[in-house]
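Summary of the model geometry
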Amino acid sequence: MRLQRLGLLTPLGATICNLLMAYAVYFLARVAFLVVNYSFFGENLTWSHLLEMMGGGLVFDTSAILVTNIPYIVLMLLPFHKETNAYNKICRWVFVIINGLALALNLIDAVYFRYTMRRTTTTVFQEFSNESNLFRIFFTEAFHNIILIMLFGLVAYAVYRYYVQPRLPKKGDNWWHLQWAKLLSLIALAPFVVAGIRGGFSTAVRPITISNANQYVDRPMEAALVLNTPFSLYRTIGKNVFVVPSYFDNDEEMAQVYTPIHPAVPDSMHRKNVVVLIVESFGREYIGALNKGLDNGRYQGYTPFVDSLIAQSITFSHSFCNGRKSIDGMPSILSSIPMFVEPFFLTPASMNEVGGIASLLAAEGYQTAFFHGAQRGSMGFQAFARATGFQEYYGREDFDDDERFGGEDDFDGTWAIWDEPFLQYYATKMSEMHEPFMTAVFTASSHHPYVVPEKYKDRFPEEGIEIHKCIRYTDMAISRFFRNARQQPWFQNTIFVLTSDHTNLSDHQYYQTDIGGFCSPIIIYEPGNTDLQPELQQKIAQQIDILPTVMGMLHYPKPFFAFGIDVLKTPAEDTWAVNYLNGIYQYVKHNLVLQFDGQNTIGVYALTDSLMHDNLKGRMSQQPQMERELKAIIQQYMQRMTEDELRVKN
């Protein structure tokens, strides 16, 4: 009677009550997961960190509960049919079966985790596709974990027993009113379901993936405690993208052609600060100093300050990004991992042990921090930063909480803090860090919807294509950042690297070709090094070269992992770049672009053929060797992704 007075026996009320019970099921499964695997998590596990992980788990539980229970929600709120006891029993059993299966998967993974150190993804079906003894293995493990079997039975019974069933209509009830109420309930609930599945309402939150669990953990292994198995399974459906080819018969032969392991170099390390500026959409096309021959030499570009910075820096005649999305840029720039097939963030391999500039330098006593003016969790950057060794993360909330900064006009209304104030915040926070430090900042203003602050609309009016005014604004923001940085005591002891996450809108055909769409600047500026002469080196460079190049500049003495090369110490004829576009690998070397579909070369073009008109396939002597090198890169990548070999083993 009390339930009825509270309205919980209406279809909507009963649905919400039962979904809350599903949360309890997932919580108990996570507790069981922790208890069974306590030896993996118990060391240094504090209550505050456990609560942090449990809180993060709610985000993933919400997504999994709503996705798996969509059939139940629809059945419960489906209008214009006759309510009967039989129909309500069907709804009840649908709920029990769905959430019983989810419970079973989580409990099975509590056991399986000790073998994999990760939550099960859809790759498990391929992994065991040729096994004929799975049932025997399953029942053997079940016998050894009888307590989990008993827990499953007890919780499943409780779900059935305490299921809240809506009351049937009584005589005198207006049937049509009840049906319209259910329809309106279904419509009203829909946006909350969608937001829960995505991970939030904000426009800055993309659909969460398994890699977002790193946002709540201190070690990659702990991500398994934050995740749940139903989520890991459904988020990796169709994402089994890393298939290891068999170009080379053995690892030794492949390593002779290409290896991402950079050997130790006996040297004394230079403990300089490292500052990496990842500028949103800051394609090479917009920079006048890198396009002196464009428009018959009349091109000025939109970056007067960066042009002046280039005059004091090392840049390269050809430089490329390794992906076309922001989520490709971070792994490429900071961990030397290019994008092949799918963004690394969105694949199960994102749960591998991954290092990067931050983790390498943190181990040498550097203080490390990542800055992004969007809300924490946006784009999965916080999770990736934490997983790759950044000790601190500063986002929009931190900016707003700093009494020296934060104002109503500093937020762009869509994505993040405007570049000008956030880069000033960035410079100020670095002055509060101890040296040596390594930091990276990801800007946001040169992004759709392509607007500038109201106070700058007259200074940066519309011109050319809509992004140009944003590029001018960001260039101004970068100039103010360097003006501030030059006044700091750490400036002369710092290596600056400026690049873009990817390219964007274009109004020149050259930058709209298969390879032109990947042209990004790579600018290396070291104000305190008089031996490093500014020049435009006639070399090929790419984002994944940034990590090994910085390590070379620091004279880092230990072995490390990076798919790229130290471009400063590599002869021009041996520099190269690689990227992936719609099923095609593009390999740039010897002033050629080779396009490879995984089996065969489909095209070879000269870099001087700016519009890629003349296919030189079969006519260039370098083609066979380029094919062999590219195959080694691809196989090393796929093999290391699937075997969790993205770090140098101690």
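These lines cover the structure that appears in this document, whether it is placed above or below.

Scoring rules and cut-offs
- Just so you know, the residues in each chain are numbered from 1, in the order the chain's sequence is written.
- Totals for whole chains, interfaces and linings use every residue, but because this is a predicted model, local features are given only for residues with pLDDT of at least 70 and side-chain atom pairs only at 80 or more, for both listing and counting.
- Calculated side-chain values reflect all of the structure's heavy atoms, with hydrogen atoms and water omitted.
- Strands are runs of DSSP state E lasting at least two residues, helices are runs of H or I lasting at least four, and both sets are numbered from the N terminus onward.
- When a residue's accessible area, from a 1.4 Å probe over protein chains only, is under 20% of the maximum for its type it is buried; when over 50% it is exposed; and in between it is partly exposed.
- Contacts between residues were defined by any pair of non-hydrogen atoms, one from each residue, lying within 4.5 Å.
- In this description, accessible areas are obtained by the Shrake-Rupley approach with a 1.4 Å probe, and a residue is regarded as covered only by the protein chains that are shown.
- Neither His nor the chain termini are counted; the positive set is Lys and Arg, and the negative set is Asp and Glu.
- Lys charges are placed at NZ, Arg charges at CZ, Asp charges at CG and Glu charges at CD.
- Whether two aromatic rings pair depends on their centres lying within 6.5 Å, for rings of Phe, Tyr and Trp, where Trp uses its six-membered ring; planes under 30 degrees apart make the pair stacked, over 60 edge-to-face, and the rest tilted.
- Lysine and arginine charges are scored as sitting over a ring when NZ or CZ, respectively, is within 6 Å of the ring centre and within 35 degrees of the ring normal.
- An axis is simply a line fitted to the C-alpha atoms; with a helix, the fit covers only the stretch in contact. Between two such axes, the angle follows the N-to-C directions and lies from 0 to 180 degrees.
- Convention used here: angles under 35 degrees read as roughly parallel, angles over 145 as roughly antiparallel, angles from 65 to 115 as roughly perpendicular, and any remaining angle as oblique.
- Crossing handedness follows the turn of the near helix against the far one: under a right angle anticlockwise gives a left-handed crossing, and clockwise gives a right-handed one.
- Cavity: a set of points on a 1 Å grid over the protein atoms alone where a 1.4 Å probe fits but cannot get out. Pocket: an open set with protein on both sides within 12 Å along at least five of seven lines, its lining residues, like those of a cavity, having an atom within 4 Å of a point.
- Grid points are joined across faces, edges and corners, and a volume is the space filled by probe spheres set on the points.
- As used here, the term nonpolar core means buried Ala, Val, Leu, Ile, Met, Phe, Trp, Tyr and Cys residues forming a set that is joined through side-chain atoms within 4.5 Å.
- The disulfide criterion is simple: two cysteine sulfur atoms within 2.5 Å.
- Salt-bridge detection follows one rule: a side-chain nitrogen of Lys or Arg within 4 Å of a carboxyl oxygen of Asp or Glu.
- Under the grouping applied here, Gly and all other residues not named as nonpolar or charged are polar, the nonpolar ones being Ala, Val, Leu, Ile, Met, Phe, Trp, Tyr, Cys and Pro and the charged ones Asp, Glu, Lys and Arg.

This part covers the overall build of the protein. Counting its secondary structure elements, the protein contains 22 helices and 14 strands. Taken along the three principal axes of its C-alpha coordinates, the protein extends 85 × 60 × 50 Å. When each of the 650 residues of the protein is scored for burial, the buried share is 56%. Of the contacts formed within the protein by residues at least 6 apart in sequence, a portion of 75% connects residues at least 24 apart. Only carbon and sulfur atoms are counted for the fraction: they give 57% of the accessible area of the protein, which is about 28,400 Å². Taken as two groups, the 51 positive and 63 negative side-chain charges of the protein have centres that lie 10 Å from each other.

Below, the discussion takes up the packing of aromatic side chains. Per the stated rule, a full pass over the model turns up 48 aromatic pairs. Measuring from centroid to centroid gives 5.1 Å for F481 and F482, while their planes differ by 80 degrees, and the two rings are edge-to-face. Take F481 and F482: they sit in the same class, and that class is buried. A cation over a ring is seen here: R92 above Y160, with NZ or CZ 4.2 Å from the ring centre. Positioned above the aromatic ring of F518, the side-chain terminus of R324 is 5.8 Å from the ring centre.

In contact at an axis separation of 9 Å, helix α2 (residues 11–36) and helix α5 (residues 70–77) are set at 160 degrees when each is read in the N-to-C sense. When the axis of α2 is compared with that of α5, the two are roughly antiparallel. The chirality of how α2 crosses α5 is right-handed. Contacts between α2 and α5 pair P11, L12, A14, T15, N18 and L19 from the former with Y72, I73, M76 and L77 from the latter.

With that settled, consider empty space enclosed by the protein. This structure, assessed with the given rule, holds 7 cavities of 30 Å³ or more. The space that makes up the largest cavity amounts to roughly 70 Å³. N214, S350, A383, F384 and A387 are the residues nearest the centre of the largest cavity, which is lined by 11 residues in total.

Here we come to the nonpolar core. Core analysis: the largest hydrophobic core is formed by 76 residues, its most contacted members being L334, F370, M438 and M551. The dominant element in this core, judged by the number of residues it contributes, is helix α22 (residues 623–642), at 8 residues. With residues up to four places along the chain from it excluded, the contact list for F370 reads M330, L334, F381, A385, F390, E392, Y393, Y394, A440 and F442. Counting residues in each nonpolar core, the second largest holds 64 residues, with V306, C321, F518 and V593 among its members.

This brings us to the state of the cysteines. In a disulfide, the sulfur atoms of two cysteines are covalently bonded to one another. On inspection of all chains with the given rule, the structure shows 0 disulfides. Distance from the sulfur of C17, which forms no disulfide, to the nearest cysteine sulfur (C91) is 15 Å. C321 supplies the cysteine sulfur nearest to C519, a cysteine that is in no disulfide, at a spacing of 7.9 Å.

Locating D501 in the fold gives a position in the loop between β7 (494–500) and β8 (522–525). This buried residue, D501, is left without a salt bridge; R324 holds the nearest opposite charge, at 9.2 Å. D501 has contacts with I278, V279, E280, S281, C321, G323, K325, S326, G329, F442 and Q543, leaving out every residue within four places of it along the chain.

α5 packs onto helix α4 (residues 47–68) with a crossing angle of 55 degrees between their chain directions and a minimal axis gap of 4 Å. Considered as vectors, α4 and α5 are oriented oblique to each other. Together, L66, V67 and T68 of α4 and I70, P71 and I73 of α5 make up the contact between the two elements. In the contact of α4 with α5, the residues fall into 5 nonpolar, 1 polar and no charged.

Let us look at the pattern of salt bridges. Once the charged atoms of two side chains with opposite charge are near each other, the side chains can pair. Within the structure shown, the criterion is met by 17 salt bridges. The salt bridge involving E253 is made with R628; its shortest N-O contact spans 3.7 Å. Of the two residues, E253 sits in helix α13 (residues 251–257) while R628 sits in helix α22, which places them 375 residues apart along the sequence. Linking R404 and E432 is a salt bridge whose minimum nitrogen-to-oxygen distance equals 2.6 Å. Remark: E432 occurs in the loop between α19 (419–430) and β6 (437–442) and R404 occurs in the loop between α18 (396–401) and α19; sequence separation between them is 28 residues. What you see here is one network of salt bridges that share partners, running through D402, R404, K429 and E432.

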